[in-house]
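# Architecture and fold: a report
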Amino acid sequence: MMQSFTRRLVLAGLAAWSIGAASAARAPIVLAAASLQESLTAAADVWTKAGHPRPVISFAASSTLARQAEAGAPGDLFVSADEEWMDALADKALLAAGTRADLVGNRLVVVEPAGRHSSIPNGGVRLARLLGAGPLAMADPDSVPAGKYGKTALEKLGAWTAVAPRVVRAENVRAALALVERGAAPFGIVYLTDAKASSKVRVAGVFPPASHPPILYPIARLARSTNPEAEGFRRFLLSPRGRAIFARFGFTTPGRLR
């Protein structure tokens, strides 16, 4: 009788310890590029259903998030829309060694309000004339990845000089998309995944891949992070199951780790 009672006490203690350990797990804080809103939220849903604390995700321009990380803002993971801003944190030794990897890839497109049927030429005077005729919505080409890719592509195609005076600079790629959705700009340059996320725009043209550097989204754990959930979530996102979620939203798999 006494042995049975003691056994029940031990089992109850183990159960209480297990509950306490689970409740002690902290949600990882993820700083993520604005264009990942739907896909990363969907990935967080799957991760949470598996019994993990729901990741707290802050979406903004990669430039804004990198500067916040440099300033010491709370964060466990950083997902950038280009390599340059990840490099900036690496140069300051702010990334955990061995955790950087290329998560997904993307394509760059020109969008216009749904219901229109423009055909975007591949370059030259016609492209400059069409995009330069009215406001062109872009993420800030001086700092935000989508804007930098767009500027590089337009320069390569010989249209930037004519288009530049008509550019409306948005704080991130989703803000640029919103300008086109509202009809405030006849055209915008965004990622293909942004266009797929909106029923209010259509893709009018796709930039040739050779017109800009490959669009890569690197992910890394920040060096100051001590949350085990952050590393677990990072590994999940890079797993075949995680990558499949991004593929549903139009992202490509870069297949390159480092």
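What you see is a predicted model, and the numbers here were worked out from it, not measured in a lab.

### Remarks on the sheet that holds strand β1 (residues 29–33)
- If you trace the 5 strands from one edge of the open sheet to the other, you get β2-β1-β3-β10-β4, paired in mixed fashion. The open sheet has two free edges, formed respectively by β2 (56–60) and β4 (101–105), since each of these has just one partner strand. Mean inter-strand twist for the sheet, computed between neighbouring axes without regard to direction, equals 20 degrees.
- By the bridge criterion, 4 bridges tie β4 to strand β10 (residues 216–221) in an arrangement that is antiparallel.

### Re the packing of aromatic side chains
- The tally for this structure, following the rule as stated, stands at 7 aromatic pairs.
- Relative to F236, the ring of W47 has its centre 5.5 Å away and its plane inclined at 35 degrees; by these criteria the two rings are tilted. Highlighted residues: W47 in helix α2 (residues 37–49) and F236 in helix α10 (residues 228–238), separated in sequence by 189 residues.
- Since its relative accessible area comes to 9%, F236 is described here as buried.
- When the ring of F246 is compared with that of F251, the centres are 6.0 Å apart and the planes differ by 90 degrees; the resulting orientation is edge-to-face.
- A relative accessible area of 0% means that F246 is categorised as buried.
- Through a chain of ring-to-ring contacts, the aromatic side chains of Y149, Y191, Y217, F246 and F251 assemble into a single cluster.

### Digging into the packing of α2 against helix α11 (residues 240–248)
- Interaxial distance between α2 and α11 falls to 9 Å at its minimum, and their mutual angle equals 140 degrees. Relative to α11, α2 is oriented so that their crossing is right-handed. For the pair α2 and α11, contact is made by S39, L40, A42, A43 and V46 and by R241, I245, F246 and R248, respectively.
- Per-class residue counts for the contact of α2 with α11 are 6 nonpolar, 1 polar and 2 charged.

Reading the values: the criteria
- Residues numbered from 1 in each chain as written.
- Predicted model: local features only at pLDDT ≥ 70, side-chain atom pairs only at ≥ 80, totals over all residues.
- Heavy atoms only, no water.
- Pairing = 2+ DSSP bridges.
- Helix = DSSP H or I, 4+ residues; strand = E, 2+ residues; numbered from the N terminus.
- Axes fitted to C-alpha atoms, helices over the stretch in contact; angles between N-to-C directions.
- Phe/Tyr/Trp six-rings, centres within 6.5 Å; stacked < 30°, edge-to-face > 60°.
- Buried < 20%, exposed > 50% of the residue type's maximum accessible area, 1.4 Å probe, protein only.
- Left-handed = near helix turned anticlockwise from the far one by under 90°.
- Contact = heavy atoms within 4.5 Å.
- Nonpolar A, V, L, I, M, F, W, Y, C, P; charged D, E, K, R; others polar.

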